[in-house]
Structures are given as C-alpha cells and as structure tokens.
Amino acid sequence: MTGLLEIFDPKAPPKAIGIDLGTTNSIVAYVKNERPTTVKDCDQAALVPSVVHYGDSGEVVVGKNAQLRAAQHPRETIVSVKRFMGRGGDDPETRRLGPYAFVAPKDGEANVVRFDVGKKVVTPVEVSAEILRSLRRLAEDELRSVGGVVITVPAYFDDAQRQATKDAGRLAGLEVLRLLNEPTAAALAYGLEKKQNGKFAVYDLGGGTFDVTILVLDDGVFQVRSTGGDSALGGDDMDRALAEEIFRLGGRDATSASPGEVRVVLDLARRVKHGLTDAEVVDFESPFGAGDSQLSITRARFDELVQPLLARAGAACRRALKDAGLKPEELDGVILVGGATRVPAVRSYVAKMFGKQPLGDIDPEEVVALGAAIQANLLSGQGDIDEVLLLDVIPLSLGIEVGGGVVDRILPRNTTTPAAARAAYTTQEDKQTGFEIHVVQGERELAADCRSLARFTLKGIPPMAAGMARLEVTFRVDADGLLSVHAREERTGVEQTVSVKPSYGLDDETVEQMLLDAIDHGEEDLAARKLAEVRVEASRVASSTKKSIAAEPDLLEPGEKERIEAAIADLEKAIAGGDARRIELKIEDLDAATKGFAGRRMNRAIAQAIEGQSLTTIEKSVEHAKGIEAAHAESGPLPPAPPSA
C-alpha cells in the first residue's frame, strides 16, 4: 500500500524520465527507490517498436499495432525513422532499399525528408514526436505526471540531427532537460550498477546507428576520451543485406519489387537474423510464392554478408583508440550496447578486435534508457544518487573559413563539452563594411573539403583601412552538443549571435571518410593551405604598394616607379601560379624594390605627426607605439576573414 500511495501522491512532483529513442525500439525509464527501472506496458514489455502508422481517417498508431500494419500499408507505416533525422531530401540514405514515397520540398521550404503517407505529408521530426508522445503516455500511466526528460542520441549525431531530436521532444510536449550521448548513458548505468572504475570502450550497435566511445570511469566522473562511429550503420543494414540475399535466392530483382513486397522481405529478414542468433541455419517459406517454397540461410552465409558492415565499425574503433592514445590491451573492458550486438558475428568480431570478451551482462537494449533515467533524475534534483560528472566531447572539429578559403579551427574534435572558444580576425580589404561568417565542420585544411554548417553576415561596420577592423568570433557548444556562434566587431560594438541550425545534417556514411581523408590528404592539404595564405598576403602587399605610389608619387626617384611596377607585375604572375615559395620570393623582391620609397614615406609621416608637438608628448607617443608593437609581436598578426558577400 505504501508504494501505491507514493505513486499516486497528488503532492508529489512530476517524475523526470529518460528515453532511449531507438531506431528499431524505444524505451522509457525512471529512477525508483534510487535505482533506474524501465516502464513496461500491459504485456510487461519494455520495448516499444519505433514504428508509426498513419491511417486513412487520420488516426496515428504507434508501436506493436503499427508494426502489424506495415506489410499491408508499407508507405503509410514509417519504420526506422531515426535513420532519416536531420537528413536532406536528396540524401542517398533516403533512397536506399525501402518502400517509402517522398515529396520534394517546395520553393522556400527547407531541404528535409518528407514522407507521403497518403492524406498528409510528414517529416522525420513529426514521426519521432509521435513515438515520444506514446512513450510519454506510457510513463504517465505508471507515474501519473511526467516532468523533464533526457533523450539519448548517438554520439556521432551532428548538429542538425541533435536539433531535430530536440525539436521532436518539444513537439511531443516534453521538457527536454538534455540530449545525452548513448554510449555515455550506457556507461553511466553500467558504472553506477557495477561500481567499477577504469578505461572502457562502449561499443554501441543499434538498429540504425553505430557509436564507439572510449571513456574513463573514476569515482563518479565519466570522462569521454574520444568518440567515433557512423550514424548510418546498424542492424537495419544487416536486414537489408539479408533481404537482398532473400531476393537473390528467390530469383527476384529487389529494385523492381513493389513497396509491399519490400516490406514483407525486410520483416522476414529481421526474423531470420534473430533466428540465426541461436541456430546455425534458418529455414523459411519463400515470400514470393513461386518456384521452390522452402529457402534457407546459414549463419556462415549471414556472417559473410555482414563482414563489410563490421569492417566499417572496426575502422571507427581503431581511430577512436588512436584519438584516446590507448591500445586495446590497456582497456579494462568493452561494454556492449544495442540490440544488434546480440548477433554472434558482432560479439566475436569485438572480442577479436579488442583482445577480450565483451561485457554484456546488463541488457544491451535497456542499458541506454537506464542511464538516461539516472541523468534525468540528477538534473531534476529528485534523487538521492550520488552526484556524477559527465564529460562528453565534440566528434568533429568546428571552425570558420578565413582568407584564401582555409579553415581556422576554433574548437577541435574531442574537445570536452560544454565548451567555448574565441578567435580574432581582421579585414583584408579597404572600406570593408561587413564580414561573411562561414561555419564549417571537419578535419580538412580547406573549407571546400569540409561540411558547411551555416553562413551569416555581420553588417554595419564603418569603412576602415584593411587590417584596422577587429572581428571576434566565439563558438559555444552546450551540453547537448549544439553550437551557437557570436560575432562582434570590437571597435564599433556591432554584434550578432546565431544558433547553428542547418536544414539537414552530415552524410553520415562519409563521416568516417572525412576523417580518413584528413589523414590521407594531410600533406597536400597543408600545401594548399600555405598557398592560399601566401596568396592572400601577396595580394594585400601588391594592393597596398599600388595605393602608396599613387598617393605620394613625388617621393619616387627617377626609375624607381618602373622598378616597383615591374616587381608588382612579377608578384601578380606568381600569385596566378601554384608555387607558394615563388610567391614568397616575389614578395621579398617587391619589399627590396620599395625599401627606399617606404623609408621616405615613413620620414614624411613622422615629420607631419610631430609638427607643433612638445618633446614630452612625442616621447609618450613613442612609448605607446612601442607597447602596441610589443603586444602585436607577442600575439602575432590577426588572420584575415573573407570579405563580406
């Protein structure tokens, strides 16, 4: 009776909950009597299928009942919507094997995925919101009222995917306390449950996403050392590989199959995959009803089909270990997370890669939700669990494009979040009245080779000579991993702040390739960066020299103008070429040609400056100038931002 009174106490505050919004299944959990526990439905099942069906009369069905409608209504029943979160409508992932009908965006609409579900068009955010509403109602049935929520996301979700998840939570009527990386949530549940300290790898292979995180557990401090993964890799891909094999065995072409046929074969493939977890061979009836009605697939054949997928995950694991500065034998354990880790081929691959049997004694499908519940309890201040500190990291470097198209990294990858950093820039053109801020994400040296996140323009700056304006750009990444950018021109106080919210996210199948490219093209990227930077400097020197000889031609000696102009012409030819060293030599030649002229200009400027001033005033001015020169020498010249569009 005491338990019932506690649950239905009208004075009790709303209970904070944690939600694992999964690709295949979702779970909601909360902390009860200082321990996390999952919320179960009337059938005592914690897993809610992440499936949403849109009916002809406008009804929306979520979970098991929606799953039952998928075969008959494949286009009106959305499965694995997490794979589409934060993606563009033209993303290759949206066109892979699947039964959906997509709607192209209208003029002025954001380039996001839009599903045609019959009488309406819905986005992944709206579909995810329906799943979250269903989970909220399930929790309310047990807890009566629900407070804030922590929703888990793959560690490798980019800014757009995280923002889409947060938007879905708000659309579902939830107060999102925080987005928590799934591997960190699993480690939180595992660390508090097992009371273990040490270095661990969290291998999280779910229905649609893969994460690997290297972290240290130390008496309540959970510090992520590095993270990697692929948010377009998971159990769904195993299902697709099996589905294509079933089409092949049945003598059918998957590309010409009807949407209903595709859904039936995908569902069959998932059942076969589950069967092969315990059996060496699975026999099943042909879904095509023609020819041989009995088909079979062995575990050995399934292992062959999934090897390329495991290799993709392996590459991310090796890079994460390298980023963390650890070898596999230095780890104290490997934690398995996600339903796809039940596959024997996955477990044997993980054991071979890390040189130890993985830890999987906590249910890999529930552990993320349990960790989310613990964090929700802590953030809401409702629990008696000892305080813990979570230190996540940024998966990819963030920076802006500066002069010459090169990237100036402001927050490098694996920076602990929340984080903030600032950098200062100056103008590269006279009378420039604005800056175009181009925010990029990636590890390459040139902006063109990285992912564009956002662009905005800081306007209203009074015209000044090149190099006089001072632009300060501040990046802030919050605990959810979301980025905001603040730009301010220091002399005038003109400023602007934007939350970086791109209309679609990274092509996550290429995230791993982006990092590999940064290694493979390291030398040529550095050479390209040096060439871009020296071209900017050379153009500035040439332009400044032209203006100087036009402004004070009376200071030129006979023949000097011709020599300077010839040096400028040689420099401009070098700029058009691709040899950074040659450009540097031509800058030196121009400097030598203008040395006498520059000295005479300096003498005139000094004479004009001191005319009519006392000796004391002049001495103070000299001391002030020395101080500025010393500070400039210590900090170095400010890099030029690109001119405003």
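The paragraphs below set out a description of the structure included in this document.

**A short note on the overall build of the chain**
In step 1: From N to C terminus, the chain includes 16 helices and 27 strands.
In step 2: Looking at the 645 residues of the chain, the share that counts as buried comes to 51%.

**A word on the packing of aromatic side chains**
In step 1: Per the stated rule, a full pass over the model turns up 8 aromatic pairs.
In step 2: Ring geometry for F102 and F115: centres 5.6 Å apart, planes at 40°, overall tilted. Taken as a pair, F102 in the loop between β7 (77–79) and β8 (115–116) and F115 in strand β8 lie far apart in primary sequence, 13 residues in all.
In step 3: A relative accessible area of 22% means that F102 is categorised as partly exposed.
In step 4: Ring centres 5.4 Å apart and planes at 35° place the aromatic pair F247 and F288 in the tilted group. Here the residue F247 occupies a position in helix α6 (residues 235–249), and F288 occupies one in the loop between β15 (281–285) and β16 (294–298), the gap between them amounting to 41 residues. Each member of the pair, F247 together with F288, is buried.
In step 5: By the ring-pair criterion, three or more aromatic residues cluster together here, those being F84, Y100, F102 and F115.

**Observations concerning the pattern of salt bridges**
In step 1: By the definition in use, this model includes 28 salt bridges.
In step 2: The partner of R319 in a salt bridge is D323, with the nearest N and O atoms 3.9 Å apart. Of this pair, R319 and D323 both sit in helix α8 (residues 299–324), 4 residues apart, which is roughly one turn of that helix.
In step 3: A residue is classified by how much of its surface remains accessible, and R319, at 8% relative accessible area, is buried.
In step 4: With a relative accessible area of 25%, D323 lands in the partly exposed category.
In step 5: The shortest N-O distance in the salt bridge between R600 and E557 comes to 3.4 Å. Within this pair, whereas R600 is found in helix α15 (residues 595–610), its partner E557 is found in the loop between α12 (522–551) and α13 (560–576), the two being separated by 43 residues in sequence.
In step 6: With a relative accessible area of 44%, E557 lands in the partly exposed category.
In step 7: Put simply, R83, D236, D237, D239, R240, R270 and K273 are held in one network by salt bridges that share partners.

**Observations concerning the environment of T77**
In step 1: Within the fold, T77 resides in strand β7.
In step 2: Sequence separation between T77 and P99 is 22 residues; the distance between their C-alpha atoms is 9.3 Å.
In step 3: A polar contact of 2.9 Å, which involves the side chain of T77, links it to the side chain of H53.

**Focus: the packing of α6 against α8**
In step 1: Orientation of α6 relative to α8, taken along the N-to-C sense of each, is 130°, at an axis distance of 10 Å. If you check the angle between α6 and α8, you find them oblique. Remark: the crossing between α6 and α8 carries right-handed chirality. Along the contact surface, α6 presents D237, M238, A241, L242 and E245, while α8 presents R301, F302, L305, V306 and L309.

**Let's talk about the pairing of strand β11 (residues 175–181)**
Successive side chains on a regular strand alternate, one facing one side of the sheet and the next facing the other.
In step 1: The element β11 is extensively covered by neighbouring structure, given that 5 of its 7 residues are classed as buried.
In step 2: Across 6 bridges, strand β10 (residues 146–153) lies against β11 in parallel orientation. The partner of I151 across the bridge, within β11, is L179.
In step 3: Note that the unit made of β10, helix α4 (residues 159–171) and β11 has a crossover that is right-handed.

**Observations regarding unusual backbone geometry**
In step 1: Within the chain, N33 stands out as a residue other than glycine whose phi angle is a positive 55°.
In step 2: You can see N33 is positioned in the loop between β2 (25–32) and β3 (35–38).
In step 3: Residue N33 is classed as exposed on the basis of its relative accessible area, which comes to 62%.
In step 4: Its identity as a non-glycine residue notwithstanding, E34 has a phi of 70°, on the positive side.
In step 5: Looking at the secondary structure, you find E34 in the loop between β2 and β3.
In step 6: Judged by relative accessible area, which is 48%, E34 ranks as partly exposed.

**As for the nonpolar core**
In step 1: In this structure, Y203, F210 and F354 are the most contacted members of the largest nonpolar core, which totals 50 residues.
In step 2: A per-element tally of this core places α8 first, with 11 residues.
In step 3: Of all hydrophobic cores here, the second largest spans 42 residues; its members include M85, V127, I151 and V176.

Criteria and thresholds
- Residues numbered from 1 in each chain as written.
- Predicted model: local features only at pLDDT ≥ 70, side-chain atom pairs only at ≥ 80, totals over all residues.
- Heavy atoms only, no water.
- Helix = DSSP H or I, 4+ residues; strand = E, 2+ residues; numbered from the N terminus.
- Buried < 20%, exposed > 50% of the residue type's maximum accessible area, 1.4 Å probe, protein only.
- Phe/Tyr/Trp six-rings, centres within 6.5 Å; stacked < 30°, edge-to-face > 60°.
- Salt bridge = Lys/Arg side-chain N within 4 Å of Asp/Glu carboxyl O.
- Polar contact = N/O pair within 3.5 Å; in protein donor to acceptor, adjacent residues only side chain to side chain.
- Axes fitted to C-alpha atoms, helices over the stretch in contact; angles between N-to-C directions.
- Parallel < 35°, antiparallel > 145°, perpendicular 65-115°, else oblique.
- Left-handed = near helix turned anticlockwise from the far one by under 90°.
- Contact = heavy atoms within 4.5 Å.
- Pairing = 2+ DSSP bridges.
- Right-handed = clockwise from strand over helix to strand, strands pointing away.
- Core = buried A, V, L, I, M, F, W, Y, C linked by side-chain atoms within 4.5 Å.

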